Structures are given as C-alpha cells and as structure tokens.
Amino acid sequence: MPVYKAPVEDVMFLLNDVFPIERYNNLPGFAEATPDMVEAILGEGAKLCEEIFTPLNRIGDLEGCVRNADGSVTTPKGFKEAYEAYAAGGWMGLSMPEEYGGQGLPSTLTVVMQEFLSSANLALGMYPGLTQGATAALLVHGSAEQKKTYVPKMVEGTWTGTMNLTEPHCGTDLGLLKTKAVPNGDGSYAISGTKIFISAGEHDMAENIVHLVLARIEGAPAGTKGISLFVVPKFLVKEGGSLGERNGVSCGSLEHKMGIHGNATCVMNYDGAKGWLVGEENRGLNAMFVMMNEARLAVGVQGLSQSEVAYQNAVAYAKERLQGRALTGPKFPDKPADPIIVHPDVRRTLLSIKAFNEAARALLVWTALKSDIAHRSSDDAERQSADDHMGLMTPVVKGVLTDLGFDNAVKAQQMFGGHGYIEEWGMSQFVRDARIAMIYEGANGIQAMDLVGRKLGKDGGRAVMAFFNEVGAFCQENANDESLKDFISPLQQGLGHLQQATMWFMQNAMAKPDNAGAGATDYMHLFGLVAMGYMWARMAKVANEKKVKGNGVADKMDAKLLTGRFFMERLMPETASRLACISSGADVTMAMPMEMF
C-alpha cells in the first residue's frame, strides 16, 4: 500500500527562513502564529493526514461512492469518521474569522494543510476544501443574515458547501447557462435546472449541504451579465438555526470517473428549490469568482500534492528495487543487483520531480502569504500589490502546477515499471486522480488564455511589471555572490526570455489575436518556470546562509542546493524552447482547413 509523510520540515524551512512568517505580525492573526505554534499545528495536521486520511485513499478508490434508491449517497468506508475527526479538530475553521467560530489564523496555514490533505487522500480532502471556498464566498458577498445562518455551521464542519456552475450544455462559457430563478414574493427564489460535475454534491458526512448556485432570474440580460448567485441549502433552515424540511434539490446520478472515486461527483437537479440571492442581482459571477479563485489555487495545490505523494513512493521503490548494475561498477557487490536509484536516468527522473515539488511548494506559500496581505492588511498600497500578485499568479499556479503534477505522477509510476501499471501498487491512482486537476475549475488552456488575454494587460501591465522588477532586482542584488552564480545566471536568462515573449505578444497579438491563443500555453509554462526559478534562487540564498551559520543543517542544505542546481541546469533551459514556440506565431497552427483534421 502506498505511504505518505507530510513535508512539515520543508514547510517550516519556507515559513521560518525563506518567507519568515514573523515579518507579518502586523496582520491580524499572525501574531498568534509563532514558529513554535505553527510547527505544532502542522505536526498535528500531518498526523491526521498520515494516520487517518492516507489509509483510506485506496479504499476510496476501490469502493467509490454509491447512490441509493432514495437519491442519497453513501461515501466509502471510513470517510465519514475521518471527516468527523477533521471537523472535530477545528481544521475547517483554522483560518476563518473568530466571530464565526474560527481560529482566525493565517490562511497560509490552510493552504499548507490542503497540500497535506490532498496528498494523503485527494478525494476525501475535497469535501472540506469545497466548504472552505463556499464559506469564503458567503463571508465576502453574503448578507448579515446569510452569514449568521450558514457560516458558523460550515466553520464547525457540521454543514458542508458546494459550488454549482456547470450545466450539460455549457462548461467554461457560463453565459449559456439555463438554470432559472423565479421570485417567490417573500424574498426567496424558486430555482429550477440541472447542474453537472458537482463535487461533493450529495453525501452522508454532514447533516446539511449548502449549495451555491448560479442561475438566471427571469427577465435578466442574456450572457454573463444576467447571472446571479443563490444559496440553496439541502435542508431549509428554521428560525433559530435548526433544520427544517428537505429542499427541492436532489442528486440525479453519480458521474463514473477516471479518478477521485471517493468524491461524490453529482448531477444535481433543482426542482423549484428555495434559494436566496447572494450579493447583487445579475452580479453572480463576481460573487462566485471569490470561490473560483480560492478553488483554482486549491487545485494548484492538488497538482503539487499528487506529484509529492507519487514521488515519495517512487523514491522508496527506487531504493529497494534491485535491477542491473551501476554503469561505473557494482555499488552493492554483496547483492545480486544494485537498487535502481544508482542509474542516472532514474536519478534524472526523480530529481526532476523533487526539484518541481520544492519550488512549487515555495511558490504556493509565497502566493498564500500574498493572499493574507490582500485580505488582512490595513495598507491600501500593500493590499493592491498583493491583489495584483494574486490575479497574475492564479492562472500560473493552477495551470502549471497541475500540468506538471500530472506529468510527475506519470514519471513516478514509470519508476515501478510493470508494477506501476498494476493497481495493487497504487501508483495508477495518483495518475488517475491527478488528471482531473488539469480540467476542473477552468481547463488549463483557459488558464493560459486568462493569463495572456486578461492578466498581462490589466491596469496597464502593473502586475507583470512588478514581477519583472522584483525578480530583476533580486538578480542584480546578488549578481556578485559567487555562491549563487549557478542560480542567478539561469534565472536572468529565463527572465529575459519571459520579457521577450511578453514584448512579442504586445507587438503581434493585438492585430492578430490568434498569435496570443497559439502561444498562451507556452507562455504560461514559461512564466511558471521563471517563477519557480525565482523561488529556487531565494531558497538557495537562504540555504547558503544557513550553511555558514552551521547549526547541524549542512547536509540538509546541501540537499536543497543540489536539488536547486538540478532545476536550474536541467529544467530552466526550457524557457528558450518556450520562447521559440511563442515567437513562431499562429500562421501554421491556423492554416490547416478544418476538413483536413
């Protein structure tokens, strides 16, 4: 059975040394998050994930969810008890406001816990993850009454939440949605329609499910300008907070999926269900985007999570599996063969995953801290800068980390040879589970187009110029540091390629939009490489400083530096090929007539 150990030590390196969390003590909730407290919290979270969530991962994959004759859904054996342990531990409200029963700690800690949960059991971790996203949307756009009615129960985990966007005839193009909302005359609406691909839409783990549903009020404008958001509970809530009668919402069927079998992915039928408007009429997408952006970052975390757990199992196998002899002669002459980790190609594969994992984790922690600044700082300029970063990085984090997370799950499976293709080893589950992250919450091609089409030019390019300036300034400040030469030079080159690609779009995409479309995915990955390269340069600087100070961490810092050098030497050069693809334009891509395909 696959194993998992949460990377608490690596996270603490990031939070103590690379992005010192104590620097943010001016923000609400951070003063309480001392390094010792954070390490204790993450240690307990790791224990929950390793001991309770991980053993259920394969069970969930094999059993899946079952829709019963009455439309109810039973989750796999042990899921309900594991979820209850998670809720009882207060993990749902870790970063939620204290006034609603939360602990008010930095949302960065919730992001870290999302990685641990998703590595341990992606399907199970989605239930609380969706609830946290729905809660965030209600906190920003819900009325005082809605917050009072729903948020405390969701924070304590007694109720869960969902987001209902997709319909059978429309996925990304939500302007086509048909679900309708008819005023009841009492402030509520009758919601009717069908939603598909609704994760955690029906299950047996909570006493109520709070659905956030996009629908069109009768007479609303066509397209996205006429979409409103509604809160539609599974059970209506009485005065005082107790549950009343069942609402007109039900699970019509469960989707049969490639992966995440333990998560109930439902077709949801709304038959005059009673719902209440969240936020302003016809401004539903604006309200839902709070949840969608939270979800996109969380999905980026999922990409890293499957890469990490697959890597851990691949390394363990590579150290044990005996096959052939090292090219330079036997390394274990007392054994019939050497373990496969002696072979250069095996090491290349494992190091490519490890180098990604550590850079991606740093990128997520950096971005999570920016989110905390954007939501908690009292300084307008600080908030704006952090919000710019979030808008720019969200498609990069979602698109790049899930694309590469899937690739890495496949690479890790490859380490097992034929055993990786056999279900009992569990590696195929990581591949199958990782695949969905590239698709939901906006397929990765859409993320690339969002980055190129919207985020680059937003506010006159303010966000991307700030990123260029920050990375450029770091390179300039450390240009004469001989210990960082292997990091600064490749980073400068990659940054130059990214700037050239950005300029190429400015010169060639306005008059010919297909140039942007054809190069968007390459640009997103080019951006991701530079962002992760910047993370490695920052980590290397800290690692060198820690080596000089001693404290018995030299071996660990050497491992960090070797991994970073591998990234710069073997992965960073891809920026040149990405630039070449972008600069080739769209002419050949668009030249072939449709009938020739």
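In every chain, residue numbers begin from 1 and rise along the written sequence. Totals for whole chains, interfaces and linings use all residues, but because this is a predicted model, local features are given only for residues with pLDDT of at least 70 and pairs of side-chain atoms are given and counted only at 80 or more. Computation of side-chain values covers all heavy atoms of the structure but excludes hydrogens and water.

**Q** Could you give an account of the layout of surface pockets, with specific residues and numbers?
**A** A cavity, in this analysis, means grid points on a 1 Å lattice covering only the protein atoms where a 1.4 Å probe fits yet has no way out; a pocket is instead an open set bounded by protein on both sides within 12 Å along at least five of seven lines, and a residue lines either one if it has an atom within 4 Å of a point. Grid points are joined across faces, edges and corners, and a volume is the space filled by probe spheres set on the points. By volume, the second largest pocket amounts to about 1,100 Å³. Runs of E in the DSSP output that reach at least two residues are strands. Runs of H or I that reach at least four are helices, and both are numbered from the N terminus. If you list the elements that add at least two residues to the lining of the second largest pocket, you get helix H1 (8-18), helix H7 (284-320), helix H8 (344-376) and helix H16 (554-571). Any residue outside Ala, Val, Leu, Ile, Met, Phe, Trp, Tyr, Cys, Pro, Asp, Glu, Lys and Arg is labelled polar, Gly included; the first ten of those are nonpolar and the last four are charged. Residues of the lining of the second largest pocket, tallied by class, amount to 16 nonpolar, four polar and 15 charged.

**Q** Give a description of helix H15 (residues 513-549) that names residues and reports values.
**A** With 37 residues, H15 extends 53 Å between its outermost C-alpha atoms, agreeing within 8% with the 54 Å of an ideal straight helix rising 1.5 Å per residue. By definition, a residue's bend is the angle between the axes fitted to the seven residues ending there and the seven starting there. The largest bend in H15 amounts to roughly 50° and is located at Ala-520. Exposure is judged per residue with a 1.4 Å probe applied to protein chains only, and the accessible area is read against the type maximum: over 50% gives exposed, under 20% gives buried, and values in between give partly exposed. By the criterion of burial, H15 is predominantly enclosed, with 26 of the 37 residues buried. Note on H15: the residue one or two positions beyond its end, Gly-550, has a positive phi of about 85°. Expected span of a helix, by definition, is 1.5 Å for each gap between consecutive residues, and there is one gap fewer than residues.

**Q** Go over the packing of helix H2 (residues 35-53) against helix H5 (residues 107-141) with me, naming the residues and quoting the values.
**A** Note on method: axes are straight lines fitted to C-alpha atoms, helices fitted across the in-contact stretch only, with angles between N-to-C directions ranging 0 to 180 degrees. Two elements in contact, H2 and H5, have axes separated by 10 Å at closest approach and are oriented at 0°. With respect to their mutual orientation, H2 and H5 come out roughly parallel. In this structure, H2 uses Val-38, Ile-41, Leu-42, Gly-45, Ala-46, Cys-49 and Phe-53 to contact H5, whose residues at the interface are Leu-109, Val-112, Met-113, Phe-116, Leu-117, Ala-120, Asn-121, Leu-124 and Gly-125. Here the residues of the contact of H2 with H5 sort into 13 nonpolar, three polar and no charged. Here roughly perpendicular refers to angles of 65 to 115 degrees, roughly parallel to angles under 35, roughly antiparallel to angles over 145, and oblique to all remaining angles. We call two residues in contact whenever any of their non-hydrogen atoms come within 4.5 Å of each other.

**Q** Break down empty space enclosed by the protein for me, with residues and values.
**A** Counted under the stated rule, the structure contains four cavities of 30 Å³ or more. In this structure, the largest cavity occupies an estimated 80 Å³ of space. If you trace the largest cavity, you find 13 residues lining it, with Pro-2, Thr-54, Asn-57, Ala-120 and Phe-430 closest to the centre. Put simply, the parts of the chain that give the lining of the largest cavity at least two residues each are helix H3 (57-63), H5 and helix H11 (427-436). Here the residues of the lining of the largest cavity are counted per class, giving seven nonpolar, five polar and one charged. Taken as a whole, the second largest cavity encloses approximately 60 Å³ of empty space. Taken together, Val-11, Val-111, Val-112, Glu-115, Val-301, Leu-304, Arg-361, Leu-364 and Val-365 make up the lining of the second largest cavity. Contributing elements (two or more residues each) for the lining of the second largest cavity: H5, H7 and H8. For the lining of the second largest cavity, the residue count by class is seven nonpolar, no polar and two charged.

**Q** Kindly report on the nonpolar core, identifying the contributing residues and their values.
**A** Phe-116, Phe-467, Tyr-523 and Phe-527 are the most contacted members of the largest nonpolar core, which totals 182 residues. Among the elements that line this core, the one with the most residues is H15, at 18 residues. The residues contacting Phe-527, other than those within four sequence positions of it, are Leu-392, Met-393, Val-396, Leu-451, Val-464, Phe-467 and Leu-498. In terms of nonpolar packing, the next biggest core, distinct from the first, is built from seven residues, Leu-122, Val-299, Ala-437 and Tyr-440 among them. For this analysis, a nonpolar core means a set of buried residues of the types Ala, Val, Leu, Ile, Met, Phe, Trp, Tyr and Cys, connected via side-chain atoms within 4.5 Å.

**Q** Provide a residue-level description of the packing of aromatic side chains, including the pertinent values.
**A** In this description, an aromatic ring pair is defined by two values, namely the gap between the centres and the angle between the planes. Only Phe, Tyr and Trp rings take part, Trp by its six-membered ring, and two of them pair if their centres are within 6.5 Å. Stacked means planes under 30 degrees apart, edge-to-face means over 60, and tilted covers everything else. Tallied over the full model, the rule gives 14 aromatic pairs. Measuring from centroid to centroid gives 5.6 Å for Phe-474 and Tyr-534, while their planes differ by 80°, and the two rings are edge-to-face. Placement of the pair is Phe-474 in helix H13 (residues 462-477) and Tyr-534 in helix H15, with a sequence separation of 60 residues. Consider the rings of Trp-504 and Phe-505, whose centres lie 6.0 Å apart with planes at 70°: the pair is edge-to-face. With relative accessibility at 16%, the residue Trp-504 sits in the buried group. Three or more aromatic residues joined by ring pairs make a cluster, and in this case those are Phe-467, Phe-468, Trp-504, Phe-505, Tyr-523 and Phe-527. Definition used: whenever NZ (Lys) or CZ (Arg) falls within 6 Å of the ring centre and also within 35 degrees of the ring normal, the charge is taken to sit over that ring. Positioned above the aromatic ring of Phe-235, the side-chain terminus of Arg-246 is 5.6 Å from the ring centre. In this structure, Arg-435 packs its charged tip against the face of Phe-406, placed 5.6 Å from the ring centre.

**Q** Could you give me a rundown of the environment of Met-205, with the residues and numbers involved?
**A** Note that Met-205 resides in the loop between strand S5 (189-199) and strand S6 (208-217). Sequence separation of Met-205 and Thr-160 is 45 residues, and the distance between their C-alpha atoms is 8.5 Å. If near-sequence neighbours (up to four positions away) are discounted, Met-205 is found in contact with Thr-75, Phe-79, Lys-80, Tyr-83, Leu-124 and Tyr-127.

**Q** Can you explain the side chain of Asp-450? Please cite residues and give values.
**A** Assignment of secondary structure puts Asp-450 in helix H12 (residues 444-455). In protein, a polar contact requires one atom able to donate a hydrogen and another able to accept it; more generally it is a pair of N or O atoms within 3.5 Å, and residues adjacent in sequence count only if both atoms are side-chain atoms. A polar contact of 3.0 Å, which involves the side chain of Asp-450, links it to the side chain of Lys-455. Each residue touching Asp-450, except ones within four places of it in the same chain, is listed here: Pro-395 and Lys-455.

**Q** Please give an account of a nonpolar patch on the surface that cites residues and values.
**A** Candidates for patches are residues over 30% relative accessible area with no salt bridge; among them, like charges are joined within 9 Å and nonpolar side chains (Val, Leu, Ile, Met, Phe, Trp, Tyr) within 5 Å. Here the accessible surface of atoms and residues is derived via Shrake-Rupley with a 1.4 Å probe, and residues count as covered only by protein chains that are part of the display. Every case where a carboxyl oxygen of Asp or Glu lies within 4 Å of a side-chain nitrogen of Lys or Arg is listed as a salt bridge. Where nonpolar side chains cluster on the molecular surface, the patch consists of Met-592, Met-596 and Phe-597 and spans about 400 Å² of accessible area. For Met-596, a relative accessible area of 57% corresponds to the exposed category.

**Q** Which residues make up the pairing of S6, and what are the values?
**A** Most of S6 is tucked away, with ten of its ten residues classed as buried. Only strands joined by at least two bridges in the DSSP assignment are considered to pair. Note: strand S3 (residues 159-164) against S6, six bridges, orientation parallel. Residue pairing in the sheet places Thr-160 in a bridge with Ile-209 of S6.

**Q** Any details on the environment of Lys-77? Residues and values, ideally.
**A** Position of Lys-77 among the secondary structure elements: in the loop between strand S2 (73-74) and helix H4 (79-88). Residue Lys-77 is classed as exposed on the basis of its relative accessible area of 58%.

**Q** Can you break down the packing of H8 against H16 residue by residue, with the values?
**A** At a closest axis distance of 9 Å, the pairing of H8 and H16 adopts a crossing angle of 105°. Comparing the axis directions of H8 and H16 gives the class roughly perpendicular. Of the residues in H16, those touching H8 at Arg-348, Leu-351, Ser-352, Lys-354, Ala-355 and Glu-358 are Lys-560, Thr-563, Phe-566, Phe-567, Arg-570 and Leu-571. Taken together, the residues of the contact of H8 with H16 sort by class into five nonpolar, two polar and five charged.

**Q** An account of unusual backbone geometry is needed here, citing residue identities and associated values.
**A** Unusually for a residue other than glycine, Phe-197 sits at a positive phi of about 60°. On the secondary structure map, Phe-197 appears in strand S5. Positioned with a positive phi, Ala-200 is a non-glycine residue whose angle comes to about 60°. Here Ala-200 lies in the loop between S5 and S6.

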